[in-house]
Amino acid sequence: MSFADCFYTGYEMPKLTDMTNREIAEVFEQVADLLEFEGANPFRVGAYRNGARKISDLPEPLSAIVDDEQRQLTDIDGIGKDLAEKIGTLLATGSLPMLAELLERIPSTVLALLRVPGLGPKKAAILYQELGVNSLEDLRNVCEAEQVRGLKGFGAKTEATILKGLAVAETALERMRWVEADAVVTELLDFLRQHAGIKQMEMAGSYRRGCETVGDLDVLVEAADASAVMDHFGNYPEIADVLACGDTKMSVRLAHGLQIDLRVVPSESFGAALQYFTGSKDHNVVVRGRAKQQGLKVNEWGVFREDAQEAETYLAGRTEEDVYAALGLPWFPPEVREAREEFDWASQGALPQLVELADIRGDLHMHTSASDGKASLTEMIEAARARGLQYIAITDHSQRVSMAGGLDGARLRAQWAEIDRIRKEFDDIVVLKGIECDILERGGMDLPDDVLAEADWVIASVHYGQRQSREQITERILGALENPHVDILAHPTGRLINRREPYAVDIDQVFVAASKHGKFLELNANPARLDLHDIHCAAAKRHGIPIVISTDAHSPAGLEVMRHGVQQARRGGITPADVANARSWEKFRGLLEQKY
DNA sequence: GCCGTTTTCGGCCCGACTGTTTTCAGTCG
């Protein structure tokens, strides 16, 4: 059927493309990079970057907004007439003429130059125009030939800085997972604390905001003698390179590539600096914009009233609470400082009371040595009880996961008989007879319905056929959600942070189906998974789907990761009421029986 | 390119540090 046929028969043309929000955001990011390289108006560049971020933060697909006649793309903050048109073009055709034109003028390979620390768009453009530098390899050659130092605005030191930066860019350092950064932080703070002059110390930046990955570390210190603190920091054995060292700031790179920025401030500025360096950048832009409207100025030193004759009066800065209060704002938990919804919540006086680790009463996903766990049933139960949990579910793998020794119906029923026996020994913890049942490649569940019907708790999950098409894998998962015995979908997108992309699943359809059939969705707390991620948590909440935060523990120590899941949930604005396993056993049982 | 309790033009957060500079541009967070 041709286009014309569709027109005349009224047949609805199928969508030509299926671009996801993320793919569209990536196009805008690339446009921003290329425009920046061309020396375009920085605010125009910023508009593309901001648009890209707003799109990737969106809890629903852009196509859903386009298809809805009641709504406009321009309703999205940061998306104006022009970007809305470009989104339309991308959804309709899968490509953007503007990007093609930019790529005709600038080879995309030059963008690699921007990854070199110390090299921004201006210097990179000069290198490209004057010396024809087109890749990291070219860059190394011209530096080693000492051609760079002759350029206007460059010198021998810049050349040396670029050579150092090249080593960083060539290793393409990826952002560290939060849990790995946490290990570095523990050691670092232990070392810094040895200095007696430190009165107060806090981590800031993306680490404090609990981001799933961390690009660098920001340490904030209150001390009277800044240079003494920096001297002490300079002796930290892991330091490979000192990048900068001034009166109040010192930047270093550790041997494995991680950058650490240390700031030393006086007591009256500690809160302001903590607010400032915690970010996010976008959150701070909004904070400063608000200050400006009120005739105030905010920087890392405090909140100031701008008086006549360029004089300034210090208003606040000792604590973060003071800083926000001076601007008429509540204190925001660091996890929500992303310029997403937090300012709307504040203006409505409805900042959510975010879930905390202490709210968690149950853990509904864990393995034993019956499949690929490291500990026995009794050991897992005892470990959960020692953590004060009221209820748990034992959920070993099903038979399809042969590598993990998955259980068939007979072995599973034997395990349940053992649970029945053991239950009598533990009267202070409820142990549910569960299973993590695979969703088969061809669709359908890995165990027969009569087995699943006997379970207290059925987790459905995908382990095989992860690379299936969007249609195939979505169909499989929707099929599982329609099964009356299934209670929850585990690790709904299958992603492994920095290691494996999510399945191609249409997650929006999963939300709709989960809500329709009264199924829970898991936030898998394993720090390599954190699946659902923060935006998806917020989306699930919008759909009214209770989230279950689970450790997927394979040993008693594995129960420890619950805190990572809670942190991720907080980033999604999740409260105890949104988390099924933050309820008492009685209330959780009610939720389960009624399919919420 | 976006936006509006300075609303259709003229703004757009703010400061530290470095290197190549003779007063500042570039980069970074």
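In short, a report on the structure.

The rules we used
- Think of each chain on its own: its residues are numbered from 1, step by step along the sequence as written.
- Written order decides the labels, with chains lettered from A and ligands numbered from 1.
- A pLDDT threshold of at least 70 governs which residues receive local features in this predicted model, and a stricter bar of 80 or more applies before side-chain atom pairs are shown or counted, although totals over entire chains, interfaces and linings include all residues.
- The side-chain numbers reported here are obtained from all heavy atoms of the structure, hydrogens and water having been left aside.
- Only strands that DSSP links by at least two bridges are regarded as paired with each other.
- Strands here are runs of E lasting at least two residues and helices are runs of H or I lasting at least four, both read from the DSSP assignment and numbered beginning at the N terminus.
- Contact definition: two residues touch when any of their heavy atoms are within 4.5 Å.
- With axes taken as lines fitted to C-alpha atoms, and helix axes fitted only over the stretch in contact, angles between N-to-C directions fall between 0 and 180 degrees.
- Roughly parallel covers angles under 35 degrees, roughly antiparallel covers those over 145, roughly perpendicular covers 65 to 115, and oblique covers all other angles.
- Take the far helix as the reference: if the near one is turned anticlockwise from it by less than a right angle, the crossing is left-handed, and if turned clockwise, right-handed.
- Amino acids outside the nonpolar list (Ala, Val, Leu, Ile, Met, Phe, Trp, Tyr, Cys, Pro) and the charged list (Asp, Glu, Lys, Arg) are all regarded as polar, and Gly is one of them.
- What makes a residue near a molecule or strand is one non-hydrogen atom of that residue sitting within 4 Å of it.
- N or O atoms closer than or at 3.5 Å make up a polar contact, with two conditions inside protein: a donor-capable atom paired with an acceptor-capable one, and, for residues adjacent in sequence, both atoms drawn from side chains.
- For salt bridges, the criterion is a side-chain nitrogen of Lys or Arg within 4 Å of an Asp or Glu carboxyl oxygen.
- Only protein chains enter the area calculation, which uses a 1.4 Å probe; residues under 20% of their type maximum are buried, those over 50% are exposed, and those in between are partly exposed.
- Only rings of Phe, Tyr and Trp enter the pairing, Trp through its six-membered ring, and a pair is recorded when the two centres are within 6.5 Å. The plane angle decides the type: under 30 degrees is stacked, over 60 is edge-to-face, the rest tilted.

What follows covers the sheet that holds strand β17 (residues 547-550). Here 7 strands make up an open sheet; going across it, the order is β11-β12-β13-β14-β15-β16-β17 and the pairing parallel. Edge positions in the sheet fall to β11 (362-363) and β17, since each of these pairs with one other strand and no more. Lying over the sheet, helix α23 (residues 562-571) contacts β11, β16 (520-524) and β17, oriented at roughly 145° with respect to β17.

To continue, consider the packing of helix α17 (residues 377-386) against helix α18 (residues 409-423). Helix packing geometry: the angle between the two helix axes and the distance between the axes. Contact pair α17 / α18: the axes reach a minimum separation of 11 Å and the direction vectors enclose 50°. Considering their axes alone, α17 and α18 lie oblique with respect to each other. Classified by chirality, the crossing of α18 by α17 is right-handed. For the pair α17 and α18, contact is made by Leu377, Thr378 and Ile381 and by Gln415, Glu418, Ile419 and Ile422, respectively. Across the contact of α17 with α18, the residue classes tally to 4 nonpolar, 2 polar and 1 charged.

Neighbouring residues of DNA strand B: 48 residues in total, closest Gly78, Gly118, Gly155, Tyr276 and Lys292. For DNA strand B, the fraction of atoms within 4 Å of the protein that belong to sugar or phosphate moieties is 78%. One nitrogen or oxygen atom from the side chain of arginine 44 is found 3.2 Å from a phosphate oxygen belonging to DNA strand B. Here a phosphate oxygen of DNA strand B sits 2.7 Å away from a polar atom, N or O, in the main chain of glycine 120.

What follows deals with the pattern of salt bridges. According to the stated counting rule, one finds 42 salt bridges in the structure shown. Notably, a salt bridge pairs aspartate 77 with lysine 54, separated by 3.9 Å at the nearest N-O pair. Residue aspartate 77 is located in the loop between α4 (62-67) and α5 (81-93), and its partner lysine 54 is located in helix α3 (residues 42-56); the two are separated by 23 residues in the primary sequence. Judged by relative accessible area, aspartate 77 falls into the exposed class, the value being 58%. A relative accessible area of 14% means that lysine 54 is categorised as buried.

Okay, the packing of aromatic side chains next. Given two aromatic rings, their pairing is described by the distance between the two centres and the angle made by the two planes. Inspection of the entire model under this criterion finds 15 aromatic pairs. Both rings, one in phenylalanine 28 and one in tyrosine 48, keep their centres 5.9 Å apart while their planes meet at 70°; by these two values the pair is edge-to-face. Taken as a pair, phenylalanine 28 in helix α2 (residues 21-37) and tyrosine 48 in helix α3 lie far apart in primary sequence, 20 residues in all. Across the pair, exposure class does not vary: phenylalanine 28 and tyrosine 48 are buried alike. Ring geometry for phenylalanine 191 versus tyrosine 236: centroids 5.0 Å apart, planes at 55°, classification tilted. Here phenylalanine 191, found in helix α10 (residues 178-192), pairs with tyrosine 236, found in the loop between α12 (226-234) and β5 (239-245); they are 45 residues apart in sequence, far enough to count as distant. Taken individually, phenylalanine 191 and tyrosine 236 each receive the classification buried, so the pair is uniform in this respect.

This part is about the sheet that holds strand β9 (residues 302-306). The sheet built from 3 strands is open, its strands ordered β8-β9-β10 with antiparallel pairing. At either margin of the open sheet sits one strand with a lone partner, and together these are β8 (296-299) and β10 (312-316). The average angle at which neighbouring strand axes cross in this sheet is 35°, direction not considered. Pairing between β9 and β10: 4 bridges, direction antiparallel. If you follow arginine 305 over to β10, its bridge partner there is threonine 313.

On to the environment of glycine 518. Tracing the chain through its elements places glycine 518 in the loop between α21 (507-517) and β16. Judged by relative accessible area, which is 6%, glycine 518 ranks as buried. Along the chain, glycine 518 and glutamate 379 lie 139 residues apart, while their C-alpha atoms are 32 Å from each other. Not counting residues up to four positions away in its chain, the partners in contact with glycine 518 are Lys595 and Tyr596.

Moving on to unusual backbone geometry. The linkage connecting glycine 279 with the following residue, serine 280, adopts the cis geometry, with an omega of 0°. Looking at the element boundaries, serine 280 is found in the loop between α13 (270-278) and α14 (281-293). Cis geometry marks the peptide bond from aspartate 531 to leucine 532, where omega comes out at 15°. The backbone of lysine 595 sits at a positive phi, close to 55°, despite the residue not being glycine. Mapped onto the secondary structure, lysine 595 falls in the segment after α24 (585-593).

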